[in-house]
Amino acid sequence: MAFAQGGRGYDRAITVFSPDGKLFQVQYAQEAVKRGYTALGIKTKSGVVLAAERRTTSELVEDGSVEKIFKIDKHIGAAASGLIADARVLIDRARVEAQVNRIRYDELISVESLAKTIGDTKQMYTQHGGVRPFGTRFLIGGVGERGPHLFETDPSGVVAAYKAHAIGGGADEAIEVLEKNYEREMNLEESTQLALRVLGEVIEGELKPEKVEMAKAEAETQEFLKMTDEEISETIDQFKSEG
Amino acid sequence: MAFAQGGRGYDRAITVFSPDGKLFQVQYAQEAVKRGYTALGIKTKSGVVLAAERRTTSELVEDGSVEKIFKIDKHIGAAASGLIADARVLIDRARVEAQVNRIRYDELISVESLAKTIGDTKQMYTQHGGVRPFGTRFLIGGVGERGPHLFETDPSGVVAAYKAHAIGGGADEAIEVLEKNYEREMNLEESTQLALRVLGEVIEGELKPEKVEMAKAEAETQEFLKMTDEEISETIDQFKSEG
Amino acid sequence: MAFAQGGRGYDRAITVFSPDGKLFQVQYAQEAVKRGYTALGIKTKSGVVLAAERRTTSELVEDGSVEKIFKIDKHIGAAASGLIADARVLIDRARVEAQVNRIRYDELISVESLAKTIGDTKQMYTQHGGVRPFGTRFLIGGVGERGPHLFETDPSGVVAAYKAHAIGGGADEAIEVLEKNYEREMNLEESTQLALRVLGEVIEGELKPEKVEMAKAEAETQEFLKMTDEEISETIDQFKSEG
Amino acid sequence: MAFAQGGRGYDRAITVFSPDGKLFQVQYAQEAVKRGYTALGIKTKSGVVLAAERRTTSELVEDGSVEKIFKIDKHIGAAASGLIADARVLIDRARVEAQVNRIRYDELISVESLAKTIGDTKQMYTQHGGVRPFGTRFLIGGVGERGPHLFETDPSGVVAAYKAHAIGGGADEAIEVLEKNYEREMNLEESTQLALRVLGEVIEGELKPEKVEMAKAEAETQEFLKMTDEEISETIDQFKSEG
Amino acid sequence: MAFAQGGRGYDRAITVFSPDGKLFQVQYAQEAVKRGYTALGIKTKSGVVLAAERRTTSELVEDGSVEKIFKIDKHIGAAASGLIADARVLIDRARVEAQVNRIRYDELISVESLAKTIGDTKQMYTQHGGVRPFGTRFLIGGVGERGPHLFETDPSGVVAAYKAHAIGGGADEAIEVLEKNYEREMNLEESTQLALRVLGEVIEGELKPEKVEMAKAEAETQEFLKMTDEEISETIDQFKSEG
Amino acid sequence: MAFAQGGRGYDRAITVFSPDGKLFQVQYAQEAVKRGYTALGIKTKSGVVLAAERRTTSELVEDGSVEKIFKIDKHIGAAASGLIADARVLIDRARVEAQVNRIRYDELISVESLAKTIGDTKQMYTQHGGVRPFGTRFLIGGVGERGPHLFETDPSGVVAAYKAHAIGGGADEAIEVLEKNYEREMNLEESTQLALRVLGEVIEGELKPEKVEMAKAEAETQEFLKMTDEEISETIDQFKSEG
Amino acid sequence: MAFAQGGRGYDRAITVFSPDGKLFQVQYAQEAVKRGYTALGIKTKSGVVLAAERRTTSELVEDGSVEKIFKIDKHIGAAASGLIADARVLIDRARVEAQVNRIRYDELISVESLAKTIGDTKQMYTQHGGVRPFGTRFLIGGVGERGPHLFETDPSGVVAAYKAHAIGGGADEAIEVLEKNYEREMNLEESTQLALRVLGEVIEGELKPEKVEMAKAEAETQEFLKMTDEEISETIDQFKSEG
């Protein structure tokens, strides 16, 4: 009964302002992200590394069963935190947007354009009736003509550029580690090792390949590639031997 | 009266976030699945086996009266749990999607594509006004060019890949049995026997053909086939003689 | 005043999930069916018999004034229970569907296809905003290429196949009689006699032609025919002389 | 204040089910009919007679100012009770329907078809959002190829055939008189006299031409004609001299 | 605060039935008319006279500033009471309707057709969601082939024919005077004098030209003409000298 | 908290009738006008003068920063009071309407037509769902073939003609001054001086050019012209020297 | 729980009037702006300077990560305060509008036109259902044929012209400094120094390049240019040496 009572306050059909100028549904959507797994991104001159926590509820789940890092185009990808079904829908739209850009302008979409497109879609879902905001945050990483880029979009549609950043349940701890250790001159290997160090702080228990999802966008090759289980495994071994 | 009072809290026109970032209508839809019968899927190198509990309220109900395992295309099928009318509607859409894929690309749809299509439809029903989420979970099994696959979709639209999985009222018990006994090297006959063992734990009373619905997708033939009552009967006899 | 209070709980614009995964509006629609008159169907190798209770509030009502058994196509018909105006609307759609099938495929629609079409329409009215579910259940009987069929559709859109079944206010009693007396080998005459026996249990007072509506679909002729008042009268006389 | 409070319970945007399977808005619409004036219809072999009570609030109102009996086509008409503006709208639609039938099939619409068309429109207004049900009942009388017919449609959309029937505020008393005196073999004159007898019971004070509206559809001529004030006057004189 | 509380009961988005079959929004719209100024119409063999009270809040308002009597077509006009902006909108639609009739059928629209058109529009606004009823009543007067006509339409869409009638705040008193003095054989001058007599009872203080708006539709000429201030002035002088 | 409570009573999605026939949202919109600055218009044989109070919150605001008097076409303009953003939207529509009239009929729109067009738009926003009424009143002044005209439109859509009128916060005082001093024979200079006298009563502190906005439409030239700051300055000097 | 209670008062689907003529949702949107960072604009004969506070939550955020000053066309730009995602959406529309103007009229859009376009869009979101107002204020600065211009638009859609103005959280303090120091004859360098002085008052701690975003539109060149980090750095150095 108390449950039903409580529900009446926020079961609302549209995102509107509160007297102090806040949008409750957007803030609640931010909570949905905080309940999600941790993901992080590191941008250096050499490229961008994305990494995400993977939690397996059962041995019977296939490895890589529920993706949290998505390739969007040849040179761009994103790590998501929050409602994964919401994320998949936005990623699909981003992929279409990237293809449309290729066809229309005969060139790859810039990482910034793509991030703003996602941000605009999210904003629209905070202002129009009959829909709820997207309950997901993205770290969008890629390499364009002007080098590597890392953007974040939140449920309100804000788009921001970062050197390194983390989202999801363990974001605060993760950001702390990143702030202490980030260096702009790191190569991709060093970035990868730092990413593992961050995840090591956030993930419960020992760091294992099945708990980690990773991807890299190298400045030189201008290609976004998800790391295979073998690559992740080797990286962890290296991390442990060095750590 | 208390009834009417209680109704006021959740009789809402749209799925919105609660202050802690949850979507109530989606969670309530998950409850609808928990009230459904148990279904399970087992994927090995040899193929996929789907099995579902069948409960007959009266002798006058025709065998196979209410399907819970549906053939979608030549090589794919699904077992559903939850609201069966909702499931039928989604299965119909999935069949159309599979046919469209054949016509457009002149090839069979991949099991993953089909699972994501169903997931996307489900997600849309959790974000837009004027509709309720689908109250059904699917185990989608099939064989494609890269071998056998087993996916699950839940009412929020999440799509996940499994080696073996169970849904519905007896899912917890069923998963426990699967976790203890699953082996990747099992052939289809062994998978079938394990499926019966799982149902045996979940179904009340003795295991009988009229209480069981089964289907197989063999890796070699790449065909999804529902088992006839005779085949199910034989399998149960074998199970009992071995059990 | 208490009345107005009570109304607030369920006067809602859309069918949504309750915390335990139920759809209240669908359950309330089921209640509308329980308030309806009883109807029943019996399927044997020889064909299908449909019968319905007819209650006349005044002598001035024309016999057969409000149909509860409807012919849909040459070979299919349905008995309805619940809101008769809702039933008429669905029957009209079913008739169109049957004609469309004839034109498009140059063959009669199968009983199962027709039942699923009705079920799908009903399901749609349980998931989309701005409408209420249909307050009616059908027993759909007919003869196709694979012999006689009897299906039931309920307000949620579930479609199920039966050997014999009853719906409406006296369904429980009726099903009990059917379960005790049903035999797959009965000919149409025996089915008709069993139908009267069931109605005799359910109808208040003596069994009279003006209290009964009946129809048959014979396996041999593949035709669905409503019985005339004279035929019903003769059948009742026979029943009484044998009874 | 009590007024405003009470209003909250039923001022609802759509017709939905109550927990016991009732549609409140439809039942409230039935109340609107009960608040209306009485109308009646009598069908015999010779034809159909429609009659309606006419209440004049002021001498300054023109005779026949607010019609309650409407001609729909050459051979069909209807008497309405309840909200007269609602009735006029439905009658206009019925007239169009009748004309469309003439053009499309080159024949007069059957009384039954027309009654069902009106019933279907009414049903639609009980199931879809954003509208209220029609607050009117009709007695539809006419003569077709199969002789005279009399149908009633209520706000829920139910269509029923009658030998004789009455609607509106005095319906119960009127039906009682009809049940006692109806005879299938009556000629039109006898029907007219019975209609006056019914109105005499229902109308307050003496029976006068300005309190009565009447129409006849003769089996032989197959024409629906509203009676003029003079004809009604003569009929009443005759009734009084015989009465 | 009490104000805000009270508002909750009737601030509703659609016109629906109350348990006793009433439409509250329509009744509230009727109240809006009762708050309006008085208008009246008198129909005799010689033609129709419309008259309306004119209340001037300031000397700076132009004479005839806010029309309450509108010419619709050459032969028809209307006096309105209630919300004048609502009236203007309906009058505009009526003018279009009259022109369309001229073009389509090459003849003047009949007074009855025009009145029903206005009534139908009003009815529609009492049955569909998202709108409120029109808060205005009309007295529609004109001369057609069958002589002079006077109709009234109310906010529910009811259309009624009158010999003489009054609407608005002083309607009760006005009708009383009309009932005592109306005579079918009056010529237009006598009708005009009676109209002034009625207004004299209703208007506060002395009868003056600036308090009166008048129009006539003469049977002979078949023309609807608004009276000029001079004509009204003369008529009042005559009325005073005779009165 | 009391704040939130109070909000519940009038935060409603549509303008509907209260039991005593009032439209609350329209009345609240009238309040928005009363909170606005004062504007006035004076019409004589020689032409029309419009004047409006200008309040400057900071010296950094540009003179004429927020217009309250708008030119609509060569010969027409309007002074607005209430929500200025609402006014601008309506003025834009009026300008389009005036241009359309020029193109369609090759003549200037009449002041009355333009005023009614604005009134009709305002009325529509008081009757249809999903919008709020316009929170603005206009004084529309101009010169047409039949000489100078001054109209007022209020949020309900009422259109009225005036000799002289005032709207906004100081309307009552302003009208009082106008009533005492208005004379139909005044020339434009005298009208201008009267306008200043009115503003002098309404504006706090000394009368200064930066507190006044003015425009004239001369009968002879048939042109609507906004007065420049210099012209206003001169007029005020003259007023002071004469006053 | 108190939280949920509070939410009920302002979680409303549309912007409507309160009894005292206020639009709550618009006022709440104004609050969203007050929660935003400070931005300011200064217009002199020489051009326009825009400046905005930049607050960096982490060292890992890229400089210029979240823009608050946007270039719209060659000659126009805007500083935003409030919800940055809302601002971006409006800026995108403004850019399109500016391009359309170039194509349609072959000339640059005027600063005033552009400001009104943004104001009109904002107004629309305060009057129509199903949307919330934009939670953002703009200072729009640019140079046109008639020299430099500075406009402000607020969430209600009001557009006003300023010599100098400030918006956002520190607006009051900022305006105070501007009022004391603004001089119309300042050159761009002096304007820039004044802008820094204002920000110095508003920004916590020492004035640093990473806390400031600036842009200039020079009257001579008629070009709007965002200042680079180096330019800002130099300007601050100069300010400190002079300050």
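Conventions and cut-offs
- Residues numbered from 1 in each chain as written.
- Chains lettered and ligands numbered in written order.
- Predicted model: local features only at pLDDT ≥ 70, side-chain atom pairs only at ≥ 80, totals over all residues.
- Heavy atoms only, no water.
- Helix = DSSP H or I, 4+ residues; strand = E, 2+ residues; numbered from the N terminus.
- Rg over C-alpha atoms; globule rule 2.2 N^0.38 Å.
- Buried < 20%, exposed > 50% of the residue type's maximum accessible area, 1.4 Å probe, protein only.
- Areas by Shrake-Rupley, 256 points an atom, 1.4 Å probe, with all protein chains shown as cover.
- Pairing = 2+ DSSP bridges.
- Axes fitted to C-alpha atoms, helices over the stretch in contact; angles between N-to-C directions.
- Contact = heavy atoms within 4.5 Å.
- Phe/Tyr/Trp six-rings, centres within 6.5 Å; stacked < 30°, edge-to-face > 60°.
- Salt bridge = Lys/Arg side-chain N within 4 Å of Asp/Glu carboxyl O.
- Arc of directions from axis to C-beta.

Student: What's the story with the overall build of chain A in this structure? I'm lost.
Tutor: When helices and strands are tallied, chain A shows seven helices and 10 strands. Taking 2.2 N^0.38 as the reference for a compact globule, 243 residues should give roughly 18 Å; the C-alpha atoms of chain A span a radius of gyration of 18 Å, in line with that estimate. Reported as C-alpha extents along the three principal axes, the dimensions of chain A are approximately 55 × 50 × 35 Å. For chain A, buried positions account for 59% of its 243 residues. For chain A, the exposed area adds up to about 9800 Å²; of that, 45% sits on carbon and sulfur atoms.

Student: Help me out: how do you make sense of the sheet that holds strand β6 (residues 147–153) of chain F in this one?
Tutor: Backbone hydrogen bonds hold the strands of a sheet together, and the pairing may be parallel or antiparallel. Residue and element names in this part refer to chain F. A sheet is described by the order of its strands in space; here five strands give the open sequence β3-β4-β5-β6-β7, paired in antiparallel fashion. Edge positions in the sheet fall to β3 (69–73) and β7 (159–161), since each has one partner strand and no second. Strand-to-strand twist in this sheet, taken as the mean axis angle between neighbours without regard to direction, amounts to 25°. Here β3 runs beside strand β4 (residues 76–82); their pairing, made up of four bridges, is antiparallel. When the sheet's bridge partners are listed, Ile 69 is paired in β4 with Ala 79. Against the sheet, helix α4 (residues 111–127) engages β3, β4, β5 (136–144), β6 and β7, with an angle of about 160° to β5.

Student: Is there a simple way to think about the packing of aromatic side chains in this case?
Tutor: How two aromatic rings sit relative to each other is given by the distance of their centres and the angle of their planes. Residue and element names in this part refer to chain A. Scanning the model with the defined rule gives 14 aromatic pairs over all chains in all. On the basis of an interplanar angle of 15° and a centroid distance of 5.8 Å, the ring pair of Phe 24 and Tyr 28 is categorised as stacked. Taken together, the residues Phe 24 and Tyr 28, both in helix α2 (residues 24–34) and four residues apart, mark about one turn of the helix. Since its relative accessible area comes to 9%, Phe 24 is described here as buried.

Student: It is not clear to me how the arrangement of the chains should be interpreted in this structure. Could you clarify?
Tutor: The two partners chain A and chain D share no contact, and the minimum distance between any of their C-alpha atoms is 16 Å. Chain E makes no contact with chain B, the minimum C-alpha separation between the two being 16 Å.

Student: I keep staring at the pattern of salt bridges and nothing clicks. Help me out?
Tutor: Once the charged atoms of two side chains with opposite charge are near each other, the side chains can pair. The tally for this structure, following the rule as stated, stands at 105 salt bridges over all chains. The salt bridge partner of Lys 116 of chain B is Glu 112 of chain B, with a shortest N-O separation of 3.2 Å. With a gap of four residues between them, Lys 116 of chain B and Glu 112 of chain B both fall in helix α4 (residues 111–127), about one helical turn apart. Residue Glu 112 of chain B is classed as partly exposed on the basis of its relative accessible area of 33%. A salt bridge links Arg 132 of chain C to Asp 86 of chain C; the nearest nitrogen and oxygen atoms lie 2.8 Å apart. With Arg 132 of chain C in the loop between α4 (111–127) and β5 (136–144) and Asp 86 of chain C in helix α3 (residues 84–105), this residue pair connects regions lying 46 residues apart in the sequence.

Student: Explanation requested: the sheet that holds strand β8 (residues 164–167) of chain D in the structure shown.
Tutor: All names here are of chain D. Overall, antiparallel pairing links the five strands, which are arranged β8-β1-β2-β9-β10 in an open sheet. In this open sheet, the two strands that pair with only one neighbour each are β8 and β10 (223–226). On average, each strand axis in the sheet is tilted by 10° relative to the strand beside it, whichever way the strands run. As paired strands, strand β2 (residues 47–53) and strand β9 (residues 212–218) are joined by seven bridges and run antiparallel to one another. Counted as the bridge partner of Leu 50 is Ala 215 from β9. Strand contacts of helix α5 (residues 171–181): β1 (39–44) and β8, with the helix running at about 165° to β8, the strand carrying the most contacts. Packed on one face of the sheet, helix α6 (residues 188–202) meets β1, β2 and β9 and runs near 20° to β2.

Student: Which parts of the structure should I look at to understand the environment of Lys 68 of chain G?
Tutor: All names here are of chain G. Within the secondary structure layout, Lys 68 lies in the loop between β2 (47–53) and β3 (69–73). Classification of Lys 68 as buried rests on a relative accessible area of 8%. In this structure Lys 68 touches Tyr 37, Ala 52, Glu 53, Ala 78, Ala 79, Ala 80, Ile 84 and Glu 213, once residues within four positions along its chain are discounted.

Student: Honestly, the side chain of Asp 86 of chain G in this entry has me stumped. Any pointers?
Tutor: Classification of Asp 86 of chain G by relative accessible area gives buried; the value is 1%. When residues no more than four places from it in sequence are discounted, the contact partners of Asp 86 of chain G are Gln 123 and Gln 127 of chain A together with Arg 132, Pro 133, Phe 134, Gly 135 and Thr 136 of chain G.

Student: Help me understand α5 of chain D in this model?
Tutor: An α-helix turns once every 3.6 residues. As a result, residues three or four positions apart point the same way. Residues and elements named next belong to chain D. Listing the buried residues of α5 in full gives Ala 171, Ala 174, Ile 175, Val 177, Leu 178 and Asn 181. Projected down its long axis, α5 shows its buried positions confined to an angular sector of 160°, all on one face. Looking at α5, the residues exposed on the side facing more than 90 degrees away from the buried face are Asp 172 and Lys 180.

These figures capture arrangement, not role.
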